[in-house]
Protein chains: 2
Amino acid sequence: MNHSAPLRVLYRITCPPAEAEARALGIALEQSVELPAEAIPPAVEEAGIPGQVESIRATGENEHEVCIRYRVENTGFEITQLLNVLFGNTSLQQSVSLLDADLPPGLLSVFPGPAFGIPGLRRLVGAPERPLTCTALKPMGSSPQDLAELCGRFARAGIDIIKDDHGLANQVYAPFAERVRLCMDAVEEAAQKTGRRSLYVPNLSGGPSRLCAQLEIARAAGVGAVMFSPMLVGVPVFAEIVQAAGGLPVIAHPALAGAQRISASLLLGRLYRLIGADASIFVNFGGRFGFSAEECRRLAGNLRQPWAGAEIKPAFPVPAGGMTLERVGEMVRFYGRDTILLISGGLYAPGDELDRRSRDFVAAVRNFAEISSTAPLRDEA
Amino acid sequence: MNHSAPLRVLYRITCPPAEAEARALGIALEQSVELPAEAIPPAVEEAGIPGQVESIRATGENEHEVCIRYRVENTGFEITQLLNVLFGNTSLQQSVSLLDADLPPGLLSVFPGPAFGIPGLRRLVGAPERPLTCTALKPMGSSPQDLAELCGRFARAGIDIIKDDHGLANQVYAPFAERVRLCMDAVEEAAQKTGRRSLYVPNLSGGPSRLCAQLEIARAAGVGAVMFSPMLVGVPVFAEIVQAAGGLPVIAHPALAGAQRISASLLLGRLYRLIGADASIFVNFGGRFGFSAEECRRLAGNLRQPWAGAEIKPAFPVPAGGMTLERVGEMVRFYGRDTILLISGGLYAPGDELDRRSRDFVAAVRNFAEISSTAPLRDEA
């Protein structure tokens, strides 16, 4: 039979020590043959199809990290079945979390990863070294004209990437096509004044047909990239749209991704990069969500570290979620220069204050990057 | 502005009582305008776009049930954005769970619901009243010939619905097209012997293009229905494939659905029925997963109760997950006759024992239904 390198997956199980071995074996079988050990046909057993418990390590009084090996062929070499092997039925067991996965070269080779990645996005933005700036158009309920006006103001302030809020879909008060057209006009007008063109990034939403239609509208309008949430539209759909988007970078949004007992570093880091996200938005530590600094560091690392055994481009980490101007320095120190800083709500204020904050954001990132060019930033992740 | 009935959503928040009001308002804003209250433009406020906290009810020492009203227009009247409004960013907050949603008629009317539902599936199976029987072909790693042989044995035993295990994708050891062809041959051969035709239901897996290709292969082969998991392929994809499947019932599998902090009764019950599942598989209480009897009852109710304000057909609940022959009576008493009983691993045994158990399963359901026809089953859900 085939002896290619296995898929190794790390789970956390909460249970008394005496039960850990049986629970680990239970997961190994649930995620492969889904039969009790005594009912597995000998030929299937001999072919190594059932998952194998590789190690069990106690990490707390009733907490264990379990590594399970699966035959890589069980994944069918496609993302849907890979997700299924990783966590399909076991997701229904509250006491198990999916922590990490070691994807062997034979599996990695079928995924192209990001088409642009960090170098490609840097080229488009025209910023070879410094962190990039990003903000969001909001709120839902605004007219396309209002959103376009905001878009123009952010563009004139010099923000690199101006994306739709992920709540802007195709609602009656701001239909997709009209919004995209007016925002592109605003970006263009600002570019004529400033000589620098921001990337406008619309949010796509819908089933596959609608996504494809929106992608065509966006492409025809000349947008800089598109954004949508793999967990909302379907992870395999994201992968397929990345292929269809050829020529346009794709930014992953984390909506609906947090309800999973799947570690953010695996899902938003490793897996979203694998399926082709050029940048992945996640919630920064210390904001209004509960991610830890350690998890954020690991997530950023999974997005941009060299990937052993594969030619997969690095993708940008995009920490977000209640970020403010005051934290720019801290964030650049923590994440290093290969990062997109996303401040949205924190820039919003009545009157000219929004313009002032936007200019300050742009200046802070540039200044910080210049200052630290003599003392190079630590890209620690 | 528009005064159509709002979308009302129920969340559970874990926090000290003194923080409950602020947390509830935080969710209402996060899931709509995603701006702090002071930054919301007056026109957006006046149009009623921000979510409104309708009620907060303490349900435990640090536990609160919060009802929030959203303008139905915020959903864009499509499933992706509906999911986003229900739980998009808030899914990233560990202390919040999504419990239920009251979908107003204006929203319901854009979803066709199941094309077949309970009456349609009953017609196809030829069983107007009794519970239906279902089993699964497994394990992964078996050849198409082995799976087809099993399929023939289950069909000869008289099982109504024989589905692929959800782990059978398009792996090299049992490619989709060959598996479907051989299993359909086996069902046909059994039908010629017994005069009754079981429904064979292949599992689809992949991105939208691959799903469509597999759907065409399945349709051309004359399968009885198709099955796949909305959370693996994408909930909006499921909805779109249901439309494409016209003429074929669609069964929803719960893989990857359990990792959500979304109640099973809402996701696998209400929402999967909404997007067109004719039957929805879930893990029964008392099996190897942790669902409670109360949650299972509510889930079954959401699948088949009349849906206020909409003409949406009832869908079959399919309790599964470690079920055994011994529990048939208990399950029929609990779920009533409008139920598909799924026993898979519990039928597997070496030699003739599998055939005997399969026949016993079929007989038990028929006998139970006959006995209780004088004392009608309570369809309590």
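Bear in mind the structure is a predicted one, so any value in this text is a computation, not a measurement.

Visitor: Teacher, can you tell me more about the side chain of Asn74(A) here?
Guide: Residues and elements named next belong to chain A. Structurally, Asn-74 can be placed in the loop between strand E3 (63-70) and helix H3 (79-87). Residue Asn-74 is classed as buried on the basis of its relative accessible area, which comes to 0%. Within the structure, the side chain of Asn-74 is placed 3.1 Å from the backbone oxygen of Ile-49, a separation counted as a polar contact.

Visitor: How should I be thinking about helix H6 (residues 144-156) of chain A in this particular structure?
Guide: Note on helix geometry: an α-helix contains 3.6 residues per turn, so any two residues three or four positions apart are oriented the same way. Residues and elements named next belong to chain A. In this model, H6 (13 residues) spans 18 Å end to end at C-alpha, consistent with the 18 Å of a helix rising 1.5 Å per residue. Of all the residues in H6, the buried ones are Pro-144, Leu-147, Ala-148, Leu-150, Cys-151, Gly-152, Arg-153, Phe-154 and Ala-155. The positive-phi residue at the C-terminal boundary of H6 is Gly-158, with phi of around 95°.

Visitor: Would you take a moment to explain the pairing of strand E4 (residues 96-102) of chain B for this structure?
Guide: If a strand is regular, its side chains alternate between the two faces of the sheet. Residue and element names in this part refer to chain B. Across the 7 residues of E4, 5 count as buried, placing the element largely inside the fold. Two strands pair when backbone bridges link them, and strand E1 (residues 7-14) and E4 are joined in this way by 6 bridges, in the antiparallel orientation. Bridging from a neighbouring strand, Arg-8 pairs with Asp-102 of E4.

Visitor: In this structure, what is going on with the state of the cysteines? I would like to understand it.
Guide: Simply put, the disulfide is a covalent bond whose two ends are the sulfur atoms of two cysteines. The final tally for this structure, using the stated rule, is 0 disulfides over all chains. No disulfide involves Cys15(A); its nearest neighbouring cysteine sulfur is the one of Cys67(A), lying 16 Å away. Looking at Cys15(A), the relative accessible area reads 4%, which means it is buried. Unpaired in terms of disulfides, Cys212(B) finds its nearest cysteine sulfur in Cys212(A), a separation of 10 Å.

Visitor: So what exactly am I meant to see when it comes to the relation of the copies chain B and chain A here?
Guide: Two chain copies here: they are related by a rotation about an axis and a translation along the same axis. Its rotation angle being 180°, the transformation that places chain B on chain A also includes 0.0 Å of axial translation and leaves an RMSD of 0.0 Å. Expressed as an axis order, the relation between the two copies is that of a two-fold axis. Closest to the rotation axis within chain B is the C-alpha of Gly234(B), separated from it by 1.6 Å. Comparing interface residues between copies, 100% of those in chain B also lie at the interface in chain A; the contact surface is shared.

Visitor: I would appreciate a short explanation of the packing of helix H11 (residues 264-274) of chain B against helix H12 (residues 293-304) of chain B in the present structure.
Guide: Residue and element names in this part refer to chain B. Taken N-terminus to C-terminus, the directions of H11 and H12 make an angle of 10°; their axes are 8 Å apart at the nearest point. The orientation of H11 relative to H12 falls into the category roughly parallel. Seen along the crossing, H11 lies across H12 with a hand that is right-handed. The segment H11 lies against H12, with Ala-264, Ser-265, Leu-266, Leu-268, Gly-269, Arg-270 and Arg-273 engaging Glu-295, Arg-298, Leu-299, Asn-302, Leu-303 and Arg-304. For the contact of H11 with H12, the class distribution of residues is 5 nonpolar, 3 polar and 5 charged.

Visitor: Looking at this structure, I do not really get the environment of Asn89(A). What am I missing?
Guide: For Asn89(A), the location among the structural elements is in the loop between H3 and strand E4 (96-102). Sequence separation between Asn89(A) and Gln31(A) is 58 residues, and the spatial gap between their C-alpha atoms is 6.9 Å. Within polar-contact distance, the side chain of Asn89(A) engages the side chain of Glu34(A) at 3.3 Å. Here His166(B) takes part through its side chain, which lies 3.4 Å from a polar atom of the side chain of Asn89(A).

Visitor: For this particular structure, what's the right way to read the nonpolar core?
Guide: One broad rule of soluble globular proteins: the nonpolar side chains tend to lie buried together. Of all hydrophobic cores here, the largest spans 234 residues; its most connected members are Leu103(A) and Leu103(B). Ignoring sequence-local partners within four residues, the contact set of Leu103(B) consists of Leu7(B), Leu82(B), Leu108(B), Leu271(B), Leu274(B) and Trp307(B).

Visitor: I'm lost on the packing of aromatic side chains in this one. Help?
Guide: Within a pair of aromatic rings, the relevant descriptors are the distance that separates the centres and the angle that separates the planes. All names here are of chain B. In the structure shown here, the tally under the stated rule is 12 aromatic pairs over all chains. Measuring from ring centre to ring centre gives 5.8 Å for Phe-154 and Tyr-348, while their planes differ by 65°; the resulting arrangement is edge-to-face. Within this pair, whereas Phe-154 is found in helix H6 (residues 144-156), its partner Tyr-348 is found in the loop between strand E12 (340-342) and helix H14 (353-371), the two being separated by 194 residues in sequence. In this structure, Phe-154 and Tyr-348 share a single accessibility class: buried. Arranged with centres 4.7 Å apart and planes meeting at 55°, the rings of Phe-285 and Phe-334 form a pair that is tilted.

Visitor: Mind showing me how you'd approach the interface of chain B and chain A here?
Guide: Where the parts come together, the accessible area they lose is often given as the size of the interface. Taken residue by residue, the interface counts 67 residues in chain B and 67 residues in chain A. Taken together, both faces of the contact between chain B and chain A bury some 5,800 Å²; the carbon and sulfur share is 59%. The three residues of chain B that bury the most area against chain A are Leu92(B), Met140(B) and Leu256(B), which together make up 11% of that side's buried surface. Counting every contact that joins chain B to chain A gives 2 salt bridges. For Glu34(A), the salt bridge identified is with Lys138(B), shortest N-O distance 3.8 Å. Mapped onto the side of chain B that touches chain A, the elements with two or more residues apiece are helix H3 (79-87), helix H8 (208-221), helix H9 (230-233) and helix H10 (235-244) of chain B. A total of 5 residues in the side of chain B that touches chain A trace back to one element, the largest contributor, which is H3(B). Partitioning the side of chain B that touches chain A into residue classes produces 30 nonpolar, 27 polar and 10 charged.

Visitor: Would you explain the packing of H8(B) against H10(B) in this entry?
Guide: For any two helices packed against each other, the geometry is given by the interaxial angle and the distance between the axes. All names here are of chain B. Where H8 contacts H10, the axes come no closer than 11 Å and their chain directions differ by 35°. The chirality of how H8 crosses H10 is right-handed. Between H8 and H10, the contacting residues are Leu-211, Cys-212, Leu-215 and Arg-219 on the first element and Val-237, Ile-241 and Ala-244 on the second. A class-by-class count of the residues in the contact of H8 with H10 yields 6 nonpolar, no polar and 1 charged.

Visitor: Mind showing me how you'd approach the sheet that holds strand E11 (residues 316-320) of chain B here?
Guide: In any sheet, the strands associate via hydrogen bonds between backbone groups, in a parallel or an antiparallel arrangement. Residue and element names in this part refer to chain B. In space, the 4 strands of this open sheet follow the order E8-E9-E10-E11, with parallel pairing throughout. Looking at strand neighbours, the two that pair on one side only are strand E8 (226-228) and E11, the edges of this open sheet. Here the strands of the sheet are splayed against their neighbours by 25° on average, with no regard to which way each runs. Taken together, the 5 bridges between strand E10 (residues 279-283) and E11 define a ladder with parallel strand orientation. By the bridge assignment for E11, Phe-282 is matched with Pro-319.

Visitor: So what exactly am I meant to see when it comes to the environment of Gly351(B) here?
Guide: Residues and elements named next belong to chain B. Assignment of secondary structure puts Gly-351 in the loop between E12 and H14. Overall, Gly-351 belongs to the partly exposed group, its relative accessible area being 48%. Distance in space between the C-alpha atoms of Gly-351 and Ala-148 is 16 Å, their sequence separation being 203 residues.

Each value, and the rule that gives it
Starting afresh in each chain, residues are numbered from 1 along the sequence in its written order. Key to labels: chains lettered from A, ligands numbered from 1, both in the order written. Local features in this predicted model are restricted to residues whose pLDDT is 70 or higher, and side-chain atom pairs enter the listing and the counts only when it is 80 or higher, whereas totals over whole chains, interfaces and linings include all residues. Remark: hydrogens and water are excluded; side-chain values derive from all non-hydrogen atoms of the structure. For the purposes of this entry, the term helix denotes a DSSP run of H or I that reaches at least four residues, the term strand denotes a run of E that reaches at least two, and both are numbered from the N terminus. Burial classes: relative accessible area under 20% of the type maximum marks a residue as buried, over 50% as exposed, and values in between as partly exposed (1.4 Å probe, protein chains only). Any pair of N or O atoms that falls within 3.5 Å is considered a polar contact. Within protein, one atom must be able to donate a hydrogen and the other to accept it, and sequence-neighbouring residues count only if both atoms are side-chain atoms. To estimate the expected span of a helix, subtract one from its residue number and multiply by 1.5 Å. Following DSSP output, two strands are said to pair if at least two bridges run between them. When two cysteine sulfur atoms lie within 2.5 Å, the pair is treated as a disulfide. To superpose the copies, least squares is applied to the C-alpha atoms of every residue with a pLDDT of at least 70 in both. Contact between two residues is taken to exist if any of their heavy atoms lie within 4.5 Å; hydrogens are not considered. Lines are fitted to the C-alpha atoms to define the axes, a helix being fitted only along its stretch in contact, and any angle between axes, read from their N-to-C directions, falls within 0 to 180 degrees. Note on terminology: angles under 35 degrees are roughly parallel, angles over 145 are roughly antiparallel, angles of 65 to 115 are roughly perpendicular, and the others are oblique. Handedness of a crossing follows from how the near helix is turned relative to the far one, being left-handed for an anticlockwise turn of less than a right angle and right-handed for a clockwise one. The nonpolar class holds Ala, Val, Leu, Ile, Met, Phe, Trp, Tyr, Cys and Pro. Asp, Glu, Lys and Arg form the charged class, and all remaining residues, Gly among them, are polar. We call a set of buried residues a nonpolar core when its members are Ala, Val, Leu, Ile, Met, Phe, Trp, Tyr or Cys and they connect through side-chain atoms within 4.5 Å of each other. Centres within 6.5 Å make a pair out of two Phe, Tyr or Trp rings, where for Trp the six-membered ring is used; the pair is then stacked when the planes are under 30 degrees apart, edge-to-face when over 60, and tilted otherwise. Here's the idea: put two parts together, see how much 1.4 Å probe accessible area each one loses, and the total over both is what we call buried area. Salt-bridge detection follows one rule: a side-chain nitrogen of Lys or Arg within 4 Å of a carboxyl oxygen of Asp or Glu.

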